[in-house]
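# Observations on chain architecture
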Amino acid sequence: MNDEKKSDGISSNESQNLIVNVIYDDIYLGQTATQSRTLSQTDIQAFATVSGDVNPAHLDAEYANQTLFHGVIAHGMWGGALISTVLGTQLPGPGTIYLEQNLHFVKPVRIGDTLTISATVTAKDDAKKRVTLDCQIVNQHGEQVVFGNALVIAPTERVSRSRTHLPTMTMFDLGARQAALLASVRQLEAVRCAVVHPCDADSLQGALDAARQGLIIPVLVAPLAKLVAVAQEAQLDISGFEQVDVAHSHASADMAVAMAADGRVEALMKGSLHTDELMRAVVNCAALRTKRRLSHVFHLDVPMYHKVLLLTDAALNITPNLLEKADILQNVIDLAHVLNINEPKVAILSAVETITPQIASTIDAAALCKMVQRKQITGAIVDGPLAFDNAISVEAARIKGIDSPVAGHADILMVPDLESGNMLAKQLDYLAGASSCGVVLGARVPIALTSRADGAASRVASAALVKLLAHHYRKLAP
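None of these values were measured; they are calculated from a predicted model.

As for its placement among the helices and strands, Ser118 is situated in strand β4 (residues 114–125). Overall, Ser118 belongs to the buried group, its relative accessible area being 16%. Each residue touching Ser118, except ones within four places of it in the same chain, is listed here: Thr32, Ala33, Thr34, Asp134, Cys135 and Gln136.

See the structure below:
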C-alpha cells in the first residue's frame, strides 16, 4: 500500500453518503481514524433513556452540583459508545466483530465539551485476523478524558453501504412549562376556591393536590354522603377541608356561584359535573357577570412547539359571532398579559389563509384584524386568517409566501368555533403529548375548567391559573 493510500482519509467518510470498511489486509500499524462530537443535554437525556441509567449525577443539576464534579457530567459509557462508533463505521468499519475493550476514565465530560475520538492500530494477528487498537478521547483543551485498548476481528471482505439516515431525535422536558407556571405563583398566598361537585377520584384528588401545593384553600361543595364515599374509595382524607352539603350537582353549582358572588370565595373549580351545569349558574348570576362575554382558554404545553400556546375558545362558545369573538380575543390577550406575555402574537385560525367569502371565518378574521388596527381590541399583534400550519410553522408560511410577524411564532390560537377548537385541543393532548389546563375568563372570579377526562395534574395546573388571576383581579378591584 503506497503512502498516499495510507494517509488516512478514513474520517472523511463521515461527510459522505457511504460507509466503507478497511479489510484486514489493508490495515497497517499506526493507521488512525478520528471523529469529533460535542456533548449536549440531549445526548445525556437520550443515553439515559436508552440505557436506563438515570443516575442523578447526569440528570439532576441540583444533586450534581454537590458532587465531586460540581455539575452534570456525561455517562462514562457514552465515551465508550463513541469509540465503538469509530470502530464500527470507520476503522475497520462494517464487518468488524468487537471482542474486547478496556477503558480508563480520566476526566469528566461536561455539556459543551467537544471531544476528539481516535483509534490507532497497534498490533495485528494474521492467523486470527485480529487487530488491537489504542483508543483515545481528548477534549477541546487537548486533555485526555478516556483511554484504553480494543481488540476486534477485522473484516476480510470489502463493504460499501449507503449510510443509514436516522430520524432527528428530540428530547422533550414534558410538562416543563406547566411546572414553570406552578413555580411562578408559589410565592402568592392561596385563594379560597369553591370546588364544585368533586364527586369522582380525579377531580377530588386534583383539588386536594392543589391545596397541598398552596394554590387554593378548597371549599368542597357537593352532596356530602356522595363526597365522603368517593373520598373513602379513593383513600383521600378530606377531614381538614371545609365541606358544604347540597342535594345534587345543580345545587352544587348554584351554591358555589352564590359563594363567589358574595365574596366568600375568590375562585371556582369545576369538579365532575357537566360544564353547562356550572356555566348556567354563572351566566344566571348578575353579580358575577361583567361586560365581557364568558370564554374559555386552554393553556397548552406542546412538546414540539417552542413556547406555551393559549387556545380559545374550545369549551364554551359554540358558534360565536363577530362581536362575541372580539370579547373572546380580548379576554385571551388579557390573560397573556397576566402570564407576562406582554405583546402576544395571535393567529386567527381558519381552513385557509386567504379571505374567502364562502368561508365565513375568514371574513371574521379579517374584521378582527381591522378592529385591532382601529384599537377596538388592544394589546397584541394579530393576524388572520391563518391556517394552522402557517400559524405555527415558519417553514409552512415561507412555502406559501406568507409574510407575517405571527406566522410560526403564535402565542395564541383563536379558533372559529367550539367544534374545531375542541378537536384541536384534544388532538394536541392525545396525539402531540401536550400538557393542558384551562380557565374561564369574563366573570368577576376566575373559573378552573377542565374536561371530566382530565387527570389531577391538569386540575392542579388550572388551579395555578386561577390563583394567578385571582390575585390580578384583586389589584383591579375598586
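What follows picks up the thread again.
Let us now look at the layout of surface pockets. The calculated volume of the second largest pocket comes to roughly 640 Å³. What lines the second largest pocket is a set of 27 residues, and nearest its centre among them are Ala443, Arg444, Val445, Tyr473 and Leu476. Of all the secondary structure elements, the ones that give two or more residues to the lining of the second largest pocket are α9 (249–261), α11 (322–338) and α16 (456–476). It is α16 that provides the largest number of residues to the lining of the second largest pocket, a total of 6 residues. Here the lining of the second largest pocket is composed, by residue class, of 17 nonpolar, 5 polar and 5 charged.

Moving on, we get to the confidence of the model for the protein chain. Summary statistics for the protein chain give a mean pLDDT of 91 and a share of 95% for residues scoring 70 or more. Of all the helices and strands in the protein chain, helix α1 (residues 3–6) carries the lowest mean pLDDT, 38, while strand β16 (residues 412–414) carries the highest, 98. Residue range residues 1–15 is modelled with pLDDT below 50. Its contacts to residues more than four positions away, or to other chains, number 23 contacts.

With that settled, consider helix α2 (residues 41–51). Every buried residue of α2 is accounted for by Asp43, Ile44, Ala46 and Ala48. Here the buried face of α2 lies against β2 (32–38), α3 (56–59) and α5 (76–89).

One pass over the full model with this rule turns up 16 salt bridges. Between Glu189 and Arg474 there is a salt bridge, with the nearest N and O atoms lying 2.7 Å from each other. Within this pair, whereas Glu189 is found in the loop between α6 (176–184) and β8 (191–196), its partner Arg474 is found in helix α16, the two being separated by 285 residues in sequence. Residue Glu189 is classed as partly exposed on the basis of its relative accessible area, which comes to 49%. Of the residues examined, Arg474 reaches a relative accessible area of 33% and is grouped as partly exposed. Between Asp334 and Arg292 there is a salt bridge, with its nearest N and O atoms 3.1 Å apart. With Asp334 in helix α11 and Arg292 in the loop between α10 (275–283) and β12 (295–301), this residue pair connects regions lying 42 residues apart in the sequence. Judged by relative accessible area, which is 27%, Arg292 ranks as partly exposed.

With omega at 0 degrees, the peptide bond leading from Leu91 into Pro92 counts as cis. Checked against the element boundaries, Pro92 lands in the loop between α5 and β3 (97–105). Residue Thr312 is joined to Asp313 through a cis peptide bond whose omega torsion reads -15 degrees. Within the fold, Asp313 resides in the loop between β13 (309–312) and α11. Of note, the phi angle at Lys129 is positive, near 55 degrees, even though the residue is not glycine. Position of Lys129 among the secondary structure elements: in the loop between β4 and β5 (130–138). By relative accessible area, which is 30% here, Lys129 ends up partly exposed.

Attention now goes to the side chain of Ser404. Positionally, Ser404 belongs in the loop between α14 (394–399) and β16. Engagement of the side chain of Ser404 in a polar contact is seen with the backbone nitrogen of Ala407, the distance being 3.3 Å.

For Gly80, the location among the structural elements is in helix α5. It is 26 Å that separates the C-alpha atoms of Gly80 and Glu62, two residues lying 18 residues apart in sequence.

A few words on the sheet that holds β12. Pairing within the open sheet is mixed, and its 11 strands lie in the order β10-β9-β8-β11-β18-β17-β12-β13-β16-β14-β15. Each of the sheet's edge strands pairs with one partner strand only, and the pair in question is β10 (242–245) and β15 (381–386). Here β8 runs beside strand β11 (residues 267–270); their pairing, made up of 4 bridges, is parallel. Of the residues in β11, the one forming a bridge with Val195 is Met269. Helix-sheet contacts for α9 involve β8, β9 (216–222), β10 and β11, and the interaxial angle to β9 is about 140 degrees.

Counted by the stated rule, this structure contains 0 aromatic pairs. Note that Lys124 overlies the ring of Tyr24, its terminal NZ or CZ placed 4.2 Å from the centroid.

Here we come to the sheet that holds strand β6 (residues 144–153). In spatial order, the strands read β2-β4-β5-β6-β3; together these 5 strands make up an open sheet with antiparallel pairing. Strand pairing shows two members of the sheet lacking a second neighbour, β2 and β3, which therefore form its edges. Going from strand to strand, the sheet's axes swing by 20 degrees on average, the running direction of each strand aside. Pairing analysis gives 8 bridges linking β3 to β6, with the strands arranged antiparallel. Within the sheet, the bridge partner assigned to Phe105 lies in β6 and is Val146. Sheet strands touched by α5: β2, β3, β4, β5 and β6. Its angle to β3, the strand with the most contacts, is close to 140 degrees.

What counts, and at which threshold
- Residues numbered from 1 in each chain as written.
- Predicted model: local features only at pLDDT ≥ 70, side-chain atom pairs only at ≥ 80, totals over all residues.
- Heavy atoms only, no water.
- Helix = DSSP H or I, 4+ residues; strand = E, 2+ residues; numbered from the N terminus.
- Buried < 20%, exposed > 50% of the residue type's maximum accessible area, 1.4 Å probe, protein only.
- Contact = heavy atoms within 4.5 Å.
- 1 Å grid on protein atoms, 1.4 Å probe; cavity = no way out; pocket = protein on both sides within 12 Å on 5 of 7 lines; lining within 4 Å.
- Points joined across faces, edges and corners; volume = space filled by probe spheres on them.
- Nonpolar A, V, L, I, M, F, W, Y, C, P; charged D, E, K, R; others polar.
- pLDDT = per-residue confidence, 0-100.
- Salt bridge = Lys/Arg side-chain N within 4 Å of Asp/Glu carboxyl O.
- Polar contact = N/O pair within 3.5 Å; in protein donor to acceptor, adjacent residues only side chain to side chain.
- Pairing = 2+ DSSP bridges.
- Axes fitted to C-alpha atoms, helices over the stretch in contact; angles between N-to-C directions.
- Phe/Tyr/Trp six-rings, centres within 6.5 Å; stacked < 30°, edge-to-face > 60°.
- Lys NZ or Arg CZ within 6 Å of the ring centre and 35° of its normal.

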